[in-house]
Amino acid sequence: MSLVGHDTPQPTTVDRDTDLGSVVGPEGALVLGPRALAVVIDGRARRFHYVWLRDNSWAGEDRVAQSGERKLFTASIADGIAPTSASYDPNAGLEILWNDGRAATYSPAWLRRYDYSPAARAARRSPVTLWSAAAGEPPRFPHDEVLGSAEGQLAYLDAVREHGAAIVTGVPCEHHEVERFAERIGHVREVAFERVHNVRHDPAGYNVAHTPGELKPHTDMPSYNWPPSIQLLHFLTNQATGGESTLVDGWAAVAELRRDAPEHFDTLVRVPVPYQLFSDDEDTWAENPMIQLDTDGQVRLFRFSNQLAQPLAAPFEEVEVFYAAYRHLARIIDSGRYRATFKSSDGDLLTVHSHRVLHGRMPYDPASGARHLQDVYMEFDDFTARRRVLRGEHQPLPAQPQETR
Ligand SMILES: [Fe+2]
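Residues numbered from 1 in each chain as written. Predicted model: local features only at pLDDT ≥ 70, side-chain atom pairs only at ≥ 80, totals over all residues.

**Here's the deal with the packing of helix α5 (residues 150-163) against helix α10 (residues 380-390)**
Contact geometry of α5 with α10 gives a least axis separation of 10 Å together with a crossing angle of 140 degrees. Considering the angle they form, α5 stands oblique to α10. Judged by the twist between their axes, the crossing of α5 over α10 is left-handed. Side by side, α5 and α10 meet where Ala 150, Gln 153, Leu 154, Leu 157, Val 160 and Arg 161 of the first sit next to Phe 383, Arg 386, Arg 387 and Leu 390 of the second. Looking at the contact of α5 with α10, its residues break down into 6 nonpolar, 1 polar and 3 charged. (Axes fitted to C-alpha atoms, helices over the stretch in contact; angles between N-to-C directions. Helix = DSSP H or I, 4+ residues; strand = E, 2+ residues; numbered from the N terminus. Parallel < 35°, antiparallel > 145°, perpendicular 65-115°, else oblique. Left-handed = near helix turned anticlockwise from the far one by under 90°. Contact = placed C-beta atoms within 7 Å. Nonpolar A, V, L, I, M, F, W, Y, C, P; charged D, E, K, R; others polar.)

**Considerations on unusual backbone geometry**
Working note: non-glycine residues mostly have negative phi, and peptide bonds are mostly trans. Even without being a glycine, His 176 presents a positive backbone phi close to 70 degrees. Looking at where His 176 falls in the secondary structure, it is placed in the loop between β9 (165-169) and α6 (177-185). Residue classification places His 176 among the partly exposed residues on the basis of 13 C-beta atoms within 10 Å. In this model, Phe 193 sits at a positive phi of 75 degrees, which is unusual for a non-glycine residue. Mapped onto the elements of the fold, Phe 193 is located in the loop between α6 and β10 (197-200). (Buried ≥ 20, exposed ≤ 12 C-beta atoms within 10 Å, placed from the backbone.)

**A few points about the domain arrangement of the protein chain**
Considered domain by domain, the protein chain is made up of domain 1 (12-121) and domain 2 (140-390). Inter-centroid distance (C-alpha atoms) of domain 1 to domain 2 is 44 Å. (Domains from an automatic or database assignment.)

**Some remarks on the UniProt feature "domain: Gamma-butyrobetaine hydroxylase-like N-terminal" (unreviewed entry) in the protein chain**
Summarizing the sequence annotation, UniProt attributes the feature "domain: Gamma-butyrobetaine hydroxylase-like N-terminal" (unreviewed entry) to residues 42-112 in the numbering used throughout. Regarding residues 42-112, the helix share stands at 15% and the strand share at 32%, and the terminal C-alpha atoms are separated by 9 Å. (UniProt positions renumbered as here; feature names shortened; annotations may be inferred.)

**Remarks on the pairing of strand β16 (residues 283-289)**
Examined bridge by bridge, strand β15 (residues 272-278) and β16 share 7 bridges and lie antiparallel to one another. Note that in β16 the partner of Pro 272 across the bridge is Pro 289. (Pairing = 2+ DSSP bridges.)

**Observations regarding the packing of helix α8 (residues 262-270) against helix α9 (residues 316-334)**
Where α8 meets α9, the axes come as close as 9 Å, and the angle between the chain directions of the two elements is 110 degrees. By the criterion of interaxial angle, the relationship of α8 to α9 is roughly perpendicular. Residue-level inspection shows His 264, Thr 267 and Leu 268 of α8 in contact with α9, the latter providing Val 321, Phe 322, Ala 324, Ala 325, Tyr 326, His 328 and Leu 329. Across the contact of α8 with α9, the residue classes break down as 7 nonpolar, 3 polar and no charged.

**A word on α5**
Between its first and last C-alpha atoms α5 spans 20 Å; for 14 residues at 1.5 Å apiece the expected length is 20 Å, and the two agree. For α5, the complete set of buried residues consists of Tyr 156, Leu 157, Val 160 and His 163. Taken around the axis of α5, the buried residues stretch over an arc of 160 degrees, which confines them to a single face. Exposed and facing more than 90 degrees away from the buried side of α5 are Ala 150 and Glu 151. On its buried face, α5 is in contact with β8 (140-142), α4 (143-148), β9, β20 (349-353) and α10. (Expected span 1.5 Å × (residues − 1). Arc of directions from axis to C-beta.)

**Examining the nonpolar core**
Formed by 61 residues in total, the largest nonpolar core has its most connected members in Val 168, Leu 232, Ala 253, Leu 268, Leu 329 and Leu 349. If you tally residues by element for this core, the top one is α9, at 6 residues. Ignoring sequence-local partners within four residues, the contact set of Val 168 consists of Phe 141, His 143, Val 146, Tyr 156, Leu 349 and Thr 351. Counting residues in each nonpolar core, the second largest holds 24 residues, with Leu 30, Leu 53, Leu 94 and Trp 110 among its members. (Core = buried A, V, L, I, M, F, W, Y, C linked by C-beta atoms within 7 Å.)

**Quick notes on the environment of Phe 193**
For Phe 193, a count of 16 C-beta atoms within 10 Å translates into the label partly exposed. With 86 residues separating them in the primary sequence, Phe 193 and Ser 279 have C-alpha atoms 7.9 Å apart. The residues touching Phe 193, leaving out its near neighbours within four places in the chain, are Ser 279 and Glu 282.

Here it is as C-alpha coordinates:
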(Lines give C-alpha, C1' and ligand atoms only; values in the text may rest on other atoms or scores of the structure.)
Protein backbone atom coordinates (compact mmCIF):
# COMPACT_ATOMS: atom_id res chain seq x y z
CA MET A 1 0.00 0.00 0.00
CA SER A 2 1.36 3.40 -0.87
CA LEU A 3 0.85 6.10 1.68
CA VAL A 4 0.65 9.80 1.22
CA GLY A 5 2.51 11.81 3.34
CA HIS A 6 2.50 15.33 4.81
CA ASP A 7 4.75 15.60 7.76
CA THR A 8 2.55 13.19 9.56
CA PRO A 9 3.45 9.71 10.77
CA GLN A 10 2.78 6.94 8.32
CA PRO A 11 -0.12 4.65 9.20
CA THR A 12 0.55 1.15 10.26
CA THR A 13 -1.55 -1.78 9.18
CA VAL A 14 -3.11 -4.80 10.85
CA ASP A 15 -4.40 -7.97 9.21
CA ARG A 16 -7.65 -8.19 11.16
CA ASP A 17 -10.17 -5.46 11.90
CA THR A 18 -10.76 -6.93 15.34
CA ASP A 19 -7.22 -5.86 16.23
CA LEU A 20 -8.26 -2.23 15.75
CA GLY A 21 -10.12 -2.41 19.03
CA SER A 22 -6.92 -2.65 21.02
CA VAL A 23 -4.97 0.08 19.22
CA VAL A 24 -2.93 2.30 21.50
CA GLY A 25 -0.58 4.97 20.36
CA PRO A 26 0.31 8.65 20.43
CA GLU A 27 -2.24 11.26 19.44
CA GLY A 28 -2.96 10.99 15.74
CA ALA A 29 -1.70 7.43 15.35
CA LEU A 30 -3.50 5.82 12.41
CA VAL A 31 -3.90 2.08 11.88
CA LEU A 32 -5.46 0.58 8.76
CA GLY A 33 -7.23 -2.77 8.77
CA PRO A 34 -8.82 -4.67 5.88
CA ARG A 35 -12.24 -2.98 6.12
CA ALA A 36 -11.88 -0.34 8.84
CA LEU A 37 -9.34 1.97 10.44
CA ALA A 38 -8.56 3.30 13.89
CA VAL A 39 -7.23 6.74 14.72
CA VAL A 40 -6.21 7.99 18.16
CA ILE A 41 -8.04 11.21 18.95
CA ASP A 42 -8.08 12.72 22.47
CA GLY A 43 -6.03 9.76 23.65
CA ARG A 44 -8.58 7.17 22.54
CA ALA A 45 -8.63 4.95 19.46
CA ARG A 46 -11.75 5.58 17.42
CA ARG A 47 -12.74 3.03 14.82
CA PHE A 48 -14.48 3.76 11.54
CA HIS A 49 -15.45 1.41 8.72
CA TYR A 50 -14.33 2.27 5.20
CA VAL A 51 -17.82 1.95 3.77
CA TRP A 52 -19.09 4.33 6.45
CA LEU A 53 -16.35 6.87 5.79
CA ARG A 54 -16.81 6.68 2.04
CA ASP A 55 -20.59 7.02 2.39
CA ASN A 56 -20.20 10.12 4.57
CA SER A 57 -17.76 11.92 2.32
CA TRP A 58 -18.32 15.65 1.96
CA ALA A 59 -16.18 15.95 -1.12
CA GLY A 60 -17.89 18.24 -3.62
CA GLU A 61 -19.01 15.58 -6.05
CA ASP A 62 -20.55 13.56 -3.22
CA ARG A 63 -22.88 16.30 -1.96
CA VAL A 64 -25.55 18.63 -3.29
CA ALA A 65 -23.70 21.92 -3.13
CA GLN A 66 -26.60 24.12 -2.08
CA SER A 67 -28.05 21.88 0.61
CA GLY A 68 -25.31 19.55 1.82
CA GLU A 69 -27.55 16.55 1.09
CA ARG A 70 -25.91 13.33 -0.03
CA LYS A 71 -25.56 13.04 -3.80
CA LEU A 72 -23.42 9.92 -3.66
CA PHE A 73 -25.75 6.93 -4.06
CA THR A 74 -24.83 4.65 -1.20
CA ALA A 75 -25.52 1.46 -3.11
CA SER A 76 -22.99 2.49 -5.76
CA ILE A 77 -20.04 2.23 -3.35
CA ALA A 78 -17.92 -0.77 -4.30
CA ASP A 79 -17.94 -3.66 -1.82
CA GLY A 80 -14.16 -3.55 -1.66
CA ILE A 81 -13.92 0.17 -0.92
CA ALA A 82 -10.65 0.93 0.90
CA PRO A 83 -8.03 3.64 1.05
CA THR A 84 -5.25 3.74 -1.50
CA SER A 85 -3.52 6.08 0.88
CA ALA A 86 -4.39 7.73 4.17
CA SER A 87 -2.95 10.12 6.69
CA TYR A 88 -4.06 11.87 9.84
CA ASP A 89 -3.02 15.29 11.03
CA PRO A 90 -4.54 16.85 14.17
CA ASN A 91 -5.25 20.05 12.23
CA ALA A 92 -6.08 18.83 8.73
CA GLY A 93 -7.83 15.70 9.90
CA LEU A 94 -8.09 12.35 8.18
CA GLU A 95 -7.22 12.52 4.51
CA ILE A 96 -8.05 9.52 2.37
CA LEU A 97 -7.55 8.74 -1.28
CA TRP A 98 -10.08 6.01 -2.01
CA ASN A 99 -9.55 3.13 -4.38
CA ASP A 100 -12.45 4.44 -6.49
CA GLY A 101 -10.31 7.48 -7.29
CA ARG A 102 -12.09 9.95 -5.02
CA ALA A 103 -10.39 11.90 -2.25
CA ALA A 104 -12.05 12.99 0.98
CA THR A 105 -11.10 14.71 4.20
CA TYR A 106 -12.68 14.19 7.63
CA SER A 107 -11.99 16.90 10.18
CA PRO A 108 -11.18 15.97 13.78
CA ALA A 109 -14.28 17.81 15.01
CA TRP A 110 -16.47 15.85 12.60
CA LEU A 111 -14.91 12.53 13.60
CA ARG A 112 -15.52 13.34 17.27
CA ARG A 113 -19.14 14.29 16.66
CA TYR A 114 -20.00 11.19 14.66
CA ASP A 115 -17.85 8.66 16.49
CA TYR A 116 -20.19 5.69 16.83
CA SER A 117 -18.40 3.82 19.58
CA PRO A 118 -20.60 2.85 22.54
CA ALA A 119 -18.83 5.38 24.78
CA ALA A 120 -19.34 8.24 22.34
CA ARG A 121 -22.96 7.30 21.73
CA ALA A 122 -23.61 7.15 25.47
CA ALA A 123 -22.02 10.57 25.98
CA ARG A 124 -24.31 12.10 23.33
CA ARG A 125 -27.48 10.67 24.85
CA SER A 126 -29.61 13.26 26.63
CA PRO A 127 -29.74 12.83 30.37
CA VAL A 128 -33.06 11.65 31.74
CA THR A 129 -33.66 12.04 35.45
CA LEU A 130 -36.27 9.63 36.72
CA TRP A 131 -38.34 10.93 39.59
CA SER A 132 -37.55 9.72 43.04
CA ALA A 133 -40.12 7.96 45.23
CA ALA A 134 -40.82 11.34 46.86
CA ALA A 135 -41.32 13.35 43.69
CA GLY A 136 -41.52 17.13 43.97
CA GLU A 137 -43.47 19.48 41.76
CA PRO A 138 -42.24 20.00 38.21
CA PRO A 139 -39.93 22.96 37.63
CA ARG A 140 -41.64 26.28 36.88
CA PHE A 141 -40.80 28.80 34.17
CA PRO A 142 -42.36 32.28 33.72
CA HIS A 143 -44.28 32.65 30.46
CA ASP A 144 -42.45 35.88 29.57
CA GLU A 145 -39.09 34.14 29.82
CA VAL A 146 -40.11 31.05 27.87
CA LEU A 147 -41.39 33.12 24.96
CA GLY A 148 -39.16 36.14 25.47
CA SER A 149 -35.64 34.75 25.35
CA ALA A 150 -33.75 31.88 23.80
CA GLU A 151 -32.21 31.06 27.18
CA GLY A 152 -35.61 30.99 28.86
CA GLN A 153 -37.08 28.76 26.21
CA LEU A 154 -34.11 26.41 26.26
CA ALA A 155 -34.37 26.04 30.02
CA TYR A 156 -38.03 25.04 29.63
CA LEU A 157 -37.34 22.64 26.75
CA ASP A 158 -34.45 21.06 28.63
CA ALA A 159 -36.63 20.55 31.70
CA VAL A 160 -39.33 18.75 29.75
CA ARG A 161 -36.68 16.63 28.08
CA GLU A 162 -34.92 15.68 31.29
CA HIS A 163 -37.74 15.58 33.86
CA GLY A 164 -40.70 14.84 31.59
CA ALA A 165 -42.77 17.76 32.89
CA ALA A 166 -42.64 21.52 33.47
CA ILE A 167 -45.06 24.29 34.40
CA VAL A 168 -45.18 27.61 32.56
CA THR A 169 -46.60 30.23 34.89
CA GLY A 170 -48.42 33.47 34.15
CA VAL A 171 -49.88 32.41 30.82
CA PRO A 172 -52.70 34.82 29.84
CA CYS A 173 -56.06 33.28 30.74
CA GLU A 174 -57.42 33.71 27.23
CA HIS A 175 -59.26 31.09 25.24
CA HIS A 176 -56.94 29.19 22.87
CA GLU A 177 -53.84 30.76 24.41
CA VAL A 178 -52.49 27.20 24.71
CA GLU A 179 -52.74 26.81 20.94
CA ARG A 180 -50.85 30.05 20.39
CA PHE A 181 -48.19 28.90 22.84
CA ALA A 182 -47.80 25.58 21.00
CA GLU A 183 -47.37 27.36 17.70
CA ARG A 184 -44.59 29.52 19.16
CA ILE A 185 -42.68 26.34 20.01
CA GLY A 186 -43.68 24.06 17.13
CA HIS A 187 -46.93 22.63 15.82
CA VAL A 188 -50.19 21.34 17.22
CA ARG A 189 -50.66 17.58 16.78
CA GLU A 190 -54.26 17.21 15.75
CA VAL A 191 -56.23 14.11 16.70
CA ALA A 192 -59.89 13.14 16.62
CA PHE A 193 -62.34 15.16 18.69
CA GLU A 194 -61.14 18.77 18.95
CA ARG A 195 -57.96 20.62 18.03
CA VAL A 196 -58.21 22.37 21.38
CA HIS A 197 -59.81 20.17 24.03
CA ASN A 198 -61.94 21.75 26.73
CA VAL A 199 -61.83 19.99 30.07
CA ARG A 200 -64.57 21.09 32.42
CA HIS A 201 -67.60 19.61 34.07
CA ASP A 202 -69.90 18.39 31.30
CA PRO A 203 -72.54 15.74 32.06
CA ALA A 204 -72.70 14.98 28.31
CA GLY A 205 -68.93 14.76 27.78
CA TYR A 206 -67.36 11.80 26.00
CA ASN A 207 -64.65 11.23 28.58
CA VAL A 208 -64.25 10.69 32.30
CA ALA A 209 -62.29 13.96 32.35
CA HIS A 210 -65.63 15.74 31.93
CA THR A 211 -66.91 14.40 35.24
CA PRO A 212 -65.89 15.90 38.59
CA GLY A 213 -64.64 12.54 39.86
CA GLU A 214 -61.09 11.43 40.45
CA LEU A 215 -59.14 10.94 37.27
CA LYS A 216 -56.50 8.30 37.81
CA PRO A 217 -53.12 9.07 36.26
CA HIS A 218 -53.08 7.99 32.63
CA THR A 219 -51.62 8.83 29.26
CA ASP A 220 -53.89 10.24 26.59
CA MET A 221 -54.81 8.69 23.27
CA PRO A 222 -53.36 5.20 23.73
CA SER A 223 -55.96 4.45 21.07
CA TYR A 224 -53.53 5.77 18.46
CA ASN A 225 -50.60 3.68 17.25
CA TRP A 226 -48.50 6.79 17.87
CA PRO A 227 -50.13 8.70 20.70
CA PRO A 228 -49.27 12.39 20.99
CA SER A 229 -45.97 12.68 22.84
CA ILE A 230 -46.41 16.15 24.34
CA GLN A 231 -49.49 17.43 26.12
CA LEU A 232 -50.03 21.06 27.11
CA LEU A 233 -52.74 21.71 29.72
CA HIS A 234 -53.63 25.36 30.32
CA PHE A 235 -55.66 26.29 33.37
CA LEU A 236 -57.98 29.14 32.42
CA THR A 237 -59.52 28.97 35.86
CA ASN A 238 -59.16 26.59 38.76
CA GLN A 239 -61.29 27.95 41.58
CA ALA A 240 -63.07 24.74 42.56
CA THR A 241 -62.34 22.99 45.82
CA GLY A 242 -60.19 19.93 45.20
CA GLY A 243 -59.07 18.98 41.74
CA GLU A 244 -55.37 18.88 42.55
CA SER A 245 -53.22 17.84 39.59
CA THR A 246 -51.41 14.52 39.82
CA LEU A 247 -48.44 13.47 37.71
CA VAL A 248 -46.63 10.14 37.79
CA ASP A 249 -43.29 9.38 36.18
CA GLY A 250 -44.28 6.29 34.21
CA TRP A 251 -40.70 5.55 33.23
CA ALA A 252 -39.70 5.50 36.92
CA ALA A 253 -42.55 3.10 37.67
CA VAL A 254 -41.53 0.88 34.77
CA ALA A 255 -37.91 0.97 35.96
CA GLU A 256 -39.04 -0.35 39.35
CA LEU A 257 -41.00 -3.11 37.65
CA ARG A 258 -38.02 -3.98 35.45
CA ARG A 259 -35.73 -4.14 38.46
CA ASP A 260 -38.02 -6.14 40.75
CA ALA A 261 -39.89 -8.34 38.28
CA PRO A 262 -38.15 -8.52 34.90
CA GLU A 263 -40.56 -11.22 33.75
CA HIS A 264 -43.47 -8.81 34.29
CA PHE A 265 -41.61 -6.12 32.39
CA ASP A 266 -41.03 -8.52 29.49
CA THR A 267 -44.72 -9.43 29.47
CA LEU A 268 -45.77 -5.80 29.09
CA VAL A 269 -43.25 -5.33 26.29
CA ARG A 270 -44.68 -8.37 24.52
CA VAL A 271 -48.47 -8.49 24.96
CA PRO A 272 -50.56 -6.01 22.94
CA VAL A 273 -53.43 -4.23 24.67
CA PRO A 274 -56.34 -2.71 22.74
CA TYR A 275 -57.43 0.83 23.62
CA GLN A 276 -60.40 2.76 22.34
CA LEU A 277 -61.71 6.30 22.65
CA PHE A 278 -64.87 7.20 20.76
CA SER A 279 -67.67 9.70 20.61
CA ASP A 280 -70.88 9.85 18.56
CA ASP A 281 -68.96 10.55 15.38
CA GLU A 282 -65.35 9.63 16.09
CA ASP A 283 -63.65 6.35 16.87
CA THR A 284 -59.99 5.72 17.67
CA TRP A 285 -58.68 2.20 18.28
CA ALA A 286 -55.17 0.76 18.46
CA GLU A 287 -53.61 -2.37 19.90
CA ASN A 288 -50.01 -2.21 21.12
CA PRO A 289 -47.87 -3.32 24.05
CA MET A 290 -47.96 -0.84 26.92
CA ILE A 291 -44.17 -0.58 26.92
CA GLN A 292 -42.26 -0.03 23.70
CA LEU A 293 -38.46 0.03 23.69
CA ASP A 294 -35.90 1.81 21.57
CA THR A 295 -33.08 0.00 19.82
CA ASP A 296 -30.91 0.38 22.94
CA GLY A 297 -33.51 -1.42 25.04
CA GLN A 298 -34.60 1.76 26.84
CA VAL A 299 -38.27 2.66 27.28
CA ARG A 300 -39.35 4.88 24.44
CA LEU A 301 -43.14 4.89 24.59
CA PHE A 302 -45.25 4.05 27.61
CA ARG A 303 -49.03 4.03 27.47
CA PHE A 304 -51.25 3.54 30.47
CA SER A 305 -54.97 4.17 30.61
CA ASN A 306 -57.03 2.03 32.93
CA GLN A 307 -60.22 3.64 31.64
CA LEU A 308 -59.63 3.11 27.91
CA ALA A 309 -58.27 -0.47 27.93
CA GLN A 310 -60.49 -2.86 25.97
CA PRO A 311 -60.88 -6.64 26.35
CA LEU A 312 -57.51 -8.30 25.94
CA ALA A 313 -57.24 -10.56 22.91
CA ALA A 314 -54.11 -12.52 23.78
CA PRO A 315 -53.34 -16.27 23.57
CA PHE A 316 -55.05 -18.19 26.39
CA GLU A 317 -51.80 -18.95 28.20
CA GLU A 318 -50.81 -15.25 28.15
CA VAL A 319 -53.91 -13.81 29.79
CA GLU A 320 -53.17 -14.47 33.45
CA VAL A 321 -49.49 -13.76 32.85
CA PHE A 322 -50.49 -10.37 31.48
CA TYR A 323 -52.86 -9.58 34.36
CA ALA A 324 -50.18 -10.38 36.92
CA ALA A 325 -47.75 -8.01 35.21
CA TYR A 326 -50.31 -5.29 34.56
CA ARG A 327 -51.67 -5.34 38.08
CA HIS A 328 -48.14 -5.22 39.50
CA LEU A 329 -47.31 -2.15 37.45
CA ALA A 330 -50.67 -0.50 38.21
CA ARG A 331 -50.05 -0.94 41.93
CA ILE A 332 -46.67 0.79 41.56
CA ILE A 333 -48.32 3.65 39.68
CA ASP A 334 -51.07 3.90 42.28
CA SER A 335 -48.69 3.63 45.23
CA GLY A 336 -47.88 7.32 45.42
CA ARG A 337 -44.24 6.69 44.62
CA TYR A 338 -43.01 8.79 41.68
CA ARG A 339 -46.16 10.93 42.01
CA ALA A 340 -46.35 14.71 42.29
CA THR A 341 -49.61 16.20 43.63
CA PHE A 342 -50.14 19.95 43.51
CA LYS A 343 -52.81 22.55 42.97
CA SER A 344 -52.55 24.29 39.63
CA SER A 345 -53.30 28.00 39.55
CA ASP A 346 -55.08 30.13 37.00
CA GLY A 347 -52.63 30.77 34.17
CA ASP A 348 -50.52 27.67 34.78
CA LEU A 349 -49.63 25.72 31.66
CA LEU A 350 -48.63 22.20 32.48
CA THR A 351 -46.41 20.46 29.94
CA VAL A 352 -45.88 16.71 30.04
CA HIS A 353 -43.85 14.35 27.91
CA SER A 354 -46.83 12.09 27.50
CA HIS A 355 -44.96 9.00 26.32
CA ARG A 356 -43.48 9.07 29.82
CA VAL A 357 -45.46 11.04 32.39
CA LEU A 358 -49.04 10.22 33.37
CA HIS A 359 -51.46 12.96 34.35
CA GLY A 360 -54.60 12.90 36.44
CA ARG A 361 -56.49 14.90 39.05
CA MET A 362 -58.19 14.50 42.37
CA PRO A 363 -61.99 14.83 42.59
CA TYR A 364 -63.43 18.33 42.86
CA ASP A 365 -66.69 19.98 43.79
CA PRO A 366 -68.12 21.69 40.70
CA ALA A 367 -70.49 23.70 42.90
CA SER A 368 -67.59 25.33 44.74
CA GLY A 369 -66.16 27.24 41.80
CA ALA A 370 -65.23 27.07 38.14
CA ARG A 371 -62.60 24.69 36.81
CA HIS A 372 -61.78 24.93 33.13
CA LEU A 373 -58.66 24.00 31.27
CA GLN A 374 -57.81 23.74 27.60
CA ASP A 375 -55.26 21.36 26.21
CA VAL A 376 -53.54 20.62 22.95
CA TYR A 377 -51.08 17.98 21.87
CA MET A 378 -47.72 18.36 20.24
CA GLU A 379 -44.90 15.99 19.40
CA PHE A 380 -41.67 15.59 21.36
CA ASP A 381 -39.94 15.91 18.00
CA ASP A 382 -41.09 19.54 17.93
CA PHE A 383 -39.37 20.14 21.25
CA THR A 384 -36.20 18.41 20.04
CA ALA A 385 -36.21 20.40 16.82
CA ARG A 386 -36.77 23.72 18.59
CA ARG A 387 -34.01 22.93 21.05
CA ARG A 388 -31.58 22.08 18.28
CA VAL A 389 -32.36 25.31 16.45
CA LEU A 390 -31.96 27.43 19.60
CA ARG A 391 -28.65 25.70 20.33
CA GLY A 392 -27.46 26.12 16.75
CA GLU A 393 -27.13 22.37 16.29
CA HIS A 394 -29.37 22.08 13.26
CA GLN A 395 -26.76 23.17 10.76
CA PRO A 396 -24.75 20.17 9.56
CA LEU A 397 -21.10 19.96 10.47
CA PRO A 398 -19.40 19.22 7.16
CA ALA A 399 -16.69 16.60 7.25
CA GLN A 400 -14.74 18.59 4.71
CA PRO A 401 -15.13 22.28 5.59
CA GLN A 402 -13.24 23.66 2.62
CA GLU A 403 -15.67 22.22 0.10
CA THR A 404 -19.01 23.08 1.67
CA ARG A 405 -21.66 25.47 0.51
FE1 LIG B 1 -56.04 12.98 29.99
